Amino acid sequence: LRVTDALADAIIPAEGSFPPASEVLVPDFIDEWVSAPYPEQQNDRKIILPGLLWLQQESLDRFGNGFSSISLENQSAILDEIAWRASVAPGRQKEAAFFGRFRFLTVSAYYLSDAGTEDIGYMGNTPMAGPYPGPTDEALEHLRGVLKSLDLSAEI
């Protein structure tokens with residue numbers, strides 16, 4: 001779990017008033033996700049757990065300490081080899097797939113948290129006083145354009 005904490009925080013560190021991923025329980029979400037008995041989660045388990053073990057071993061081999069105990073600079077040195085599709089180190093495709101899936105789960109969990117929704121300015125699930133004003137003219141224009149591109153027409 002320490003590796004999960006450190007990796008989640010490397011993906012979404014604290015910024016300004018927003019906490020790092022570990023503080024909004026992203027590692028707990030990932031732990032629960034890969035522990036669930038459903039096919040998608042069990043497939044992710046086969047990717048995530050070996051990936052975390054690889055990350056820990058790679059850190060021990062290179063820097064003599066576990067991933068959660070090394071500097072951010074050393075963490076980045078490992079992650080830079082697997083984080084970007086265009087520059088994955090040779091022979092690291094499996095590790096890159098692990099990182100991609102872990103990053104997806106981290107970002108998904110973070111931006112479903114209160115801190116994440118506040119960070120992106122999400123206003124959903126907020127009661128409004130008075131009559132609903134409806135969508136903005138800009139939103140309606142966008143919707144009309146999308147419908148037209150799909151060769152659909154609707155009275156908006």
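Our subject is the structure that appears above.
Residues numbered from 1 in each chain as written. Predicted model: local features only at pLDDT ≥ 70, side-chain atom pairs only at ≥ 80, totals over all residues. Heavy atoms only, no water.

1. Thoughts on the nonpolar core
(1) Moving on: Judged by nonpolar contacts, the single largest core of 29 residues is most densely connected at Leu7, Ile48, Leu55, Phe67, Phe99 and Phe102.
(2) Moving on: Broken down by secondary-structure element, the contributors of at least two residues to this core are helix 1 (2-11), helix 2 (26-35), helix 3 (39-63), helix 4 (72-79) and helix 5 (93-110).
(3) Moving on: Considering every element that reaches this core, the biggest residue donor is helix 5, with seven residues.
(4) Moving on: Apart from the residues within four sequence positions on either side, Phe102 is in contact with Thr4, Leu7, Ala8, Ile11, Ile30, Ile48 and Leu52. (Core = buried A, V, L, I, M, F, W, Y, C linked by side-chain atoms within 4.5 Å. Buried < 20%, exposed > 50% of the residue type's maximum accessible area, 1.4 Å probe, protein only. Helix = DSSP H or I, 4+ residues; strand = E, 2+ residues; numbered from the N terminus. Contact = heavy atoms within 4.5 Å.)

2. Looking at the pattern of salt bridges
(1) Moving on: Summed over all chains, the structure comprises seven salt bridges.
(2) Moving on: A salt bridge links Glu81 to Arg62; the shortest N-O distance between them is 2.8 Å. Taken together, the residues Glu81 in the loop between helix 4 and helix 5 and Arg62 in helix 3 connect sequence positions 19 residues apart.
(3) Moving on: Owing to a relative accessible area of 31%, Arg62 belongs among the partly exposed residues under this scheme.
(4) Moving on: Look at the salt bridges and you will find they share partners, linking Glu58, Arg62, Glu81 and Arg92 into a network. (Salt bridge = Lys/Arg side-chain N within 4 Å of Asp/Glu carboxyl O.)

3. As for the packing of aromatic side chains
For any pair of aromatic rings, the description rests on two quantities: the centre-to-centre distance and the angle between the ring planes.
(1) Moving on: Counted by the stated rule, this structure contains three aromatic pairs.
(2) Moving on: Ring centres of Tyr110 and Tyr111 lie 5.0 Å apart, and the angle between their planes is 75 degrees; this geometry places the pair in the edge-to-face category.
(3) Moving on: With relative accessibility at 28%, the residue Tyr111 sits in the partly exposed group.
(4) Moving on: Residue placement shows Arg103 over the ring face of Trp84; its charged tip is 5.6 Å from the ring centre. (Phe/Tyr/Trp six-rings, centres within 6.5 Å; stacked < 30°, edge-to-face > 60°. Lys NZ or Arg CZ within 6 Å of the ring centre and 35° of its normal.)

4. As for the side chain of Glu58
(1) Moving on: Along the chain, Glu58 turns up in helix 3.
(2) Moving on: Exposure remark for Glu58: the relative accessible area of 11% places this residue in the buried category.
(3) Moving on: Within the structure, Glu58 has its side chain in polar contact with the side chain of Arg62 (distance 2.9 Å).
(4) Moving on: A polar side-chain atom of Glu58 sits 3.2 Å from a polar atom in the side chain of Arg92.
(5) Moving on: Not counting the four nearest positions on each side in its chain, Glu58 is found in contact with Ile78 and Arg92. (Polar contact = N/O pair within 3.5 Å; in protein donor to acceptor, adjacent residues only side chain to side chain.)

5. What to know about the environment of Ile47
(1) Moving on: With respect to the secondary-structure elements, Ile47 resides in helix 3.
(2) Moving on: Sequence separation of Ile47 and Ile78 is 31 residues, and the distance between their C-alpha atoms is 18 Å.
(3) Moving on: In contact with Ile47, other than residues within four places in its own chain, are Ala97, Phe98 and Arg101.

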